[in-house]
Amino acid sequence: MGEVDSAFIQDVEHRPKLTITEAEGIPVIDLSILNSPDISTEKNHKELSSLVAEIGDACKTWGFFQVINHGVSLEYREKIELGSRKFFALSKEEKRKVKRDELNSMGYYDTELTKNVRDWKEVFDFTVENPTVVPLSHDPDDKELKGLHNQWPEYPPELRDVCEKYVQEMQKLCYKLLELISLSLDLPAKRLNGFFKDQTSFARLNHYPPCPIPHLALGVGRHKDAGALTILAQDYIGGLEVKRQTDGEWIRVKPTPDAYIINVGDAIQVWSNNEYESVEHRVVVNSEKERFSIPFFLNPSHYTWIGPLEELVNEKNPAKYKAYNWGMLFTHRKNSNFKKRDDENLEIHHFKA
């Protein structure tokens, strides 16, 4: 195996295939109607209804989709991508000055685990709310809270500013998408907005260096996102794979210039009472090229209890989940990034009714 640490090696059944299946039919959804100055005209109203139906179909069939004409200026994306490249080009010693730990999970990290296997990547995480309040532990009887604080490196000096401006744009896009998803479930547009009053949302800069064993390791192992929505900016290299719901095949998502990839998280699966499904995904690496990506994770407040929305539950469609506390789940999942667990990671199937 040469000098590669065995901690990176995936079990045989989870190793990437050498043949690539490029995704066909993945929805690419045009949001330009949302940028219209007068959305109330009859023509625009019809277009909005069509858009809502498209979003609903994508959430149900795929669990993810791409958006174009989304209203986020390319300038914000270019600046944060440049800042990310500058940061990851620093020495390990310099990057580790802002290293995260179990008490404060914001900052730099290069030994993250997914399902007890080490990922071939390095990351830099930062929150929207600073500090972000979360439970100290995942023990339901422990009521103590802690604050997650952003740690900004000295170089590049502009990184803090470009990151803070970028997440403001991500939030605007998230609320547009949340409202479309609510409408697609025949709910009032702002039905979900209240869950994010004291949000635990955060963004991540990802760097996947060239990997000498791309057939044995993964940039990120298979997983589902626990929160509400994830908005991903990926570079032209690509590497994101999703598990197609119809046949369980791993499908490569081809990068679309200036598009964002949106995936539905577990929280929306539960709120929708399984009408929409959170999609399993992973990241493959290659031996020649480094890859960069920037996900934004929209997460509710720590005190939110997540369960099927009462409007979507009835005798014919009873609640498929018991409500669970988001803060407890968030802390449990975060802790599993740092060290191997003997118990299984908390997933929504643990809360099935």
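In this text, all values refer to a predicted model and were calculated from it rather than measured experimentally.

**Side note on the side chain of D225**
No. 1: Tracing the chain through its elements places D225 in the loop between β10 (220–223) and β11 (229–234).
No. 2: No salt bridge is formed by the buried D225; the nearest opposite charge belongs to R333, separated by 5.9 Å.
No. 3: A distance of 3.3 Å separates the side chain of D225 from the side chain of H223, its partner in a polar contact.
No. 4: Within the structure, the side chain of D225 is placed 3.3 Å from the side chain of N263, a separation counted as a polar contact.
No. 5: Apart from residues lying up to four places away in sequence, D225 is in contact with T230, N263, G265, D266, S278, H281 and F297.

**Looking at the nonpolar core**
No. 1: The biggest cluster of nonpolar side chains holds 75 residues, and the ones touching the most others in it are F124, L177, Y260 and W271.
No. 2: For this core, the element with the most residues is helix α4 (residues 159–184), which contributes twelve residues.
No. 3: Those residues within four positions of W271 in sequence are excluded, and the remaining contacts are L192, F195, F196, A228, P300, I306, G307, P308, L309 and L312.
No. 4: In this structure, I9, W120, Y208 and V220 belong to the second largest nonpolar core, which totals twelve residues.

**Observations concerning the sheet that holds strand β6 (residues 122–127)**
Sheet strands associate in pairs through backbone hydrogen bonding, adopting either a parallel or an antiparallel arrangement.
No. 1: Taken in spatial order, the eight strands of this open sheet run β1-β2-β14-β11-β16-β9-β6-β3, and their pairing is mixed. The outermost strands of the open sheet, each flanked by one partner alone, are β1 (28–30) and β3 (107–109). Looking at each pair of strands side by side, their axes are set apart by 25° on average, direction ignored.
No. 2: Bridge count for β1 against strand β2 (residues 64–68) is three bridges, and the pairing is parallel. The partner of I29 across the bridge, within β2, is V67.
No. 3: Along the sheet, α4 contacts β2, β6, β9 (202–208), β11, β14 (260–264) and β16 (291–298); its crossing angle with β11, the most-contacted strand, is approximately 130°.

**Considerations on the environment of N130**
No. 1: Note on placement: N130 falls in the loop between β6 and β7 (132–135).
No. 2: Sequence separation between N130 and L148 is 18 residues; the distance between their C-alpha atoms is 7.1 Å.
No. 3: Beyond its immediate chain neighbours, meaning those up to four positions away, N130 contacts L148, H149 and N150.

**With respect to the UniProt feature "domain: Fe2OG dioxygenase" (unreviewed entry) in the protein chain**
No. 1: As annotated in UniProt, the feature "domain: Fe2OG dioxygenase" (unreviewed entry) corresponds to residues 199–300 in the numbering used here.
No. 2: Between the first and last C-alpha atoms of residues 199–300 the distance is 5 Å; the span itself is 6% helix and 39% strand.

**What to know about the packing of helix α2 (residues 74–88) against α4**
No. 1: One can describe the packing of α2 onto α4 by two numbers: an axis separation of 9 Å at closest approach and a directional angle of 140°. On the basis of the axis angle, α2 is oblique to α4. Crossing of α2 against α4: the hand is left-handed. The segment α2 lies against α4, with Y76, R77, K79, I80, G83, S84 and F87 engaging L159, V162, C163, K165, Y166 and E169.
No. 2: In terms of residue class, the contact of α2 with α4 is built from seven nonpolar, two polar and four charged.

Criteria and cut-off values
- Residues numbered from 1 in each chain as written.
- Predicted model: local features only at pLDDT ≥ 70, side-chain atom pairs only at ≥ 80, totals over all residues.
- Heavy atoms only, no water.
- Helix = DSSP H or I, 4+ residues; strand = E, 2+ residues; numbered from the N terminus.
- Buried < 20%, exposed > 50% of the residue type's maximum accessible area, 1.4 Å probe, protein only.
- Lys, Arg positive; Asp, Glu negative; His and termini not counted.
- Salt bridge = Lys/Arg side-chain N within 4 Å of Asp/Glu carboxyl O.
- Polar contact = N/O pair within 3.5 Å; in protein donor to acceptor, adjacent residues only side chain to side chain.
- Contact = heavy atoms within 4.5 Å.
- Core = buried A, V, L, I, M, F, W, Y, C linked by side-chain atoms within 4.5 Å.
- Pairing = 2+ DSSP bridges.
- Axes fitted to C-alpha atoms, helices over the stretch in contact; angles between N-to-C directions.
- UniProt positions renumbered as here; feature names shortened; annotations may be inferred.
- Parallel < 35°, antiparallel > 145°, perpendicular 65-115°, else oblique.
- Left-handed = near helix turned anticlockwise from the far one by under 90°.
- Nonpolar A, V, L, I, M, F, W, Y, C, P; charged D, E, K, R; others polar.

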